[in-house]
Amino acid sequence: MTRALERLLQGLELRELEPDVYQGRAGTPLGRGLFGGHVAAQAFMAAGRSVHDAHPQSLHAYFLRAGDVQQPIRYEVTRSKEGRAFKARTVCAVQGGQEILSMLASFHVDEVGPEHQDSMPLASDPEDLPALAEIAGRAPAHWPAEIVQHLQRPHPIELRFDEPRDPLGSQDRVPRQRVWIRTNGALPADPLLHAAMLVYASDLTLLGAAVRAQGQPLWTRVLRLASLDHALWFHTSPCFDGWVLYDQHSPAAASGRGLALGRMFASNGRLLASVAQEGLLRPRPGFSEMRATD
């Protein structure tokens, strides 16, 4: 296990203050502000603490305010439903007396039923694709130093973009991208932790599909990006123990918001989860209107 992954796992640990009330650390930011995926993962961990006979099924979260990386986060859990097949938990994340995230999480007792799934799309072998540090090592002179340093820094989740391209260069306005993801080390055999790590990873690059449709790079300086809401459905017991292909598509953007949809496939083709997120795509000063050509 790398030190970066170890720090993330420590950051996902919660301290119980009283029954169904927990405190978590804000964690290390990815850019400005508190990373929404970190808060969502902690909130899901808090929800799952009171569920012992069901598996993660889904979550629906709203990011209400930007968090502060300097303050701890308080998670208040309400046991909204205790059914025989489904358990529901409502989680309120509070920081500095203000709610920063609201989540409804559901857990389901496994049942036998009909099955089908999308086929895994074709993609390059992740071992043949460059790591972020390799891309940063070939960075041209015009790349901002802080971006290069960010790419070179050890990360808990390894990212390898299919169809590798200049992350700061102009894009082809196709509202789709594929990213291979995996943890930088083995995870403990805890299904709730594996689910939380998939939640964390699901927020890393998803808006990139909407950004790419505008002809902008993932780390754009033209648009201000922020997650507004996030939904995720688990189709099988979560297992994040190898490469996962994250197929991402943005069907629409309007009114300063972009919608992105994602599918997470295990390397054997099994569909692990489906994801949906709407994010802020707010033009910065000097931005000229851009529209996708397709």
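Residues numbered from 1 in each chain as written. Predicted model: local features only at pLDDT ≥ 70, side-chain atom pairs only at ≥ 80, totals over all residues. Heavy atoms only, no water.

### Here we look at the side chain of Thr 183
Within the secondary structure, Thr 183 sits in strand 8 (residues 176-183). A polar side-chain atom of Thr 183 sits 2.6 Å from the main-chain carbonyl oxygen of Gly 185. (Helix = DSSP H or I, 4+ residues; strand = E, 2+ residues; numbered from the N terminus. Polar contact = N/O pair within 3.5 Å; in protein donor to acceptor, adjacent residues only side chain to side chain.)

### What about the pattern of salt bridges?
Under the counting rule described, the total for this entry stands at 16 salt bridges. In this structure, the salt-bridge partner of Arg 89 is Glu 82, at a minimum N-O distance of 2.5 Å. Taking relative accessible area as the criterion, Arg 89 reaches 1% and is therefore assigned buried. Here Arg 182 and Glu 127 are joined by a salt bridge, their closest N and O atoms 3.5 Å apart. Taken together, the residues span a long stretch of sequence, with Arg 182 in strand 8 and Glu 127 in the loop between strand 6 (98-108) and helix 3 (132-137) at a distance of 55 residues. Judged by relative accessible area, Arg 182 falls into the partly exposed class, the value being 24%. (Salt bridge = Lys/Arg side-chain N within 4 Å of Asp/Glu carboxyl O. Buried < 20%, exposed > 50% of the residue type's maximum accessible area, 1.4 Å probe, protein only.)

### Describing the environment of Asp 20
Relative to the elements of secondary structure, Asp 20 occurs in the loop between strand 1 (14-18) and strand 2 (21-24). The exposure class of Asp 20 is buried, given its relative accessible area of 15%. With 58 residues separating them along the chain, Asp 20 and Thr 78 place their C-alpha atoms 7.2 Å apart. With residues up to four places along the chain from it excluded, the contact list for Asp 20 reads Ser 50, Tyr 75, Glu 76, Val 77 and Arg 79. At a separation of 2.9 Å, a polar atom in the side chain of Asp 20 contacts the side chain of Arg 79. (Contact = heavy atoms within 4.5 Å.)

### Digging into the confidence of the model for the protein
Averaged over every residue, the pLDDT of the protein is 89; residues scoring 70 or more account for 91%. Confidence over residues 289-294 falls short of pLDDT 50; this stretch has 12 contacts with residues more than four positions distant or in other chains. (pLDDT = per-residue confidence, 0-100.)

### Focus: the packing of helix 1 (residues 3-12) against helix 2 (residues 36-48)
At a minimum axis separation of 9 Å, helix 1 and helix 2 run at an interaxial angle of 50°. It follows from the interaxial angle that helix 1 and helix 2 lie oblique. Residues Leu 8, Gly 11 and Leu 12 of helix 1 lie in contact with helix 2, whose contacting residues are His 38, Ala 41, Gln 42 and Met 45. Here the residues of the contact of helix 1 with helix 2 sort into four nonpolar, three polar and no charged. (Axes fitted to C-alpha atoms, helices over the stretch in contact; angles between N-to-C directions. Parallel < 35°, antiparallel > 145°, perpendicular 65-115°, else oblique. Nonpolar A, V, L, I, M, F, W, Y, C, P; charged D, E, K, R; others polar.)

### Brief notes about the sheet that holds strand 2
Here we have 12 strands laid out as an open sheet, ordered 1-2-4-5-6-3-9-12-11-10-8-7, and antiparallel in their pairing. This sheet does not close on itself; its edge strands, each paired only once, are strand 1 and strand 7 (157-161). Each neighbouring strand pair of the sheet contributes to a mean axis angle of 25°, computed without reference to strand direction. Where strand 4 (residues 73-82) lies against strand 5 (residues 86-95), eight bridges are found, and the strand directions are antiparallel. Opposite Arg 79, over in strand 5, you have Arg 89 as the bridge partner. Sheet strands in contact with helix 2 are strand 1, strand 2, strand 3 (55-63), strand 4, strand 5, strand 6 and strand 9 (223-234), and its direction is about 50° off that of strand 6. Along the sheet face, helix 5 (residues 191-202) touches strand 3, strand 6, strand 7, strand 8, strand 9, strand 10 (244-254), strand 11 (257-266) and strand 12 (271-283) and points at about 150° away from the line of strand 9. (Pairing = 2+ DSSP bridges.)

### Concerning the nonpolar core
In terms of nonpolar packing, the biggest core is built from 66 residues, with Phe 44, Tyr 75, Leu 101, Met 103, Ile 181, Met 197 and Phe 240 touching the most fellow members. Here the element with the most residues in this core is helix 5; it accounts for nine residues. Every residue in contact with Ile 181, bar those within four places of it in the chain, is listed here: Ile 157, Glu 158, Leu 159, Ala 201, Phe 240, Gly 242, Trp 243, Val 244 and Met 264. By size, the runner-up hydrophobic cluster in this structure holds six residues, among which are Trp 180, Trp 243, Leu 245 and Leu 271. (Core = buried A, V, L, I, M, F, W, Y, C linked by side-chain atoms within 4.5 Å.)

### Observations concerning unusual backbone geometry
Generally, phi is negative for residues other than glycine and the peptide bonds are trans, each holding for most cases. Positioned with a positive phi, Asp 20 is a non-glycine residue whose angle comes to about 65°. The phi torsion at Ser 255 lies on the positive side, around 55°, for a residue other than glycine. Among the secondary structure elements, Ser 255 is positioned in the loop between strand 10 and strand 11. Residue Ser 255 is classed as exposed on the basis of its relative accessible area, which comes to 67%.

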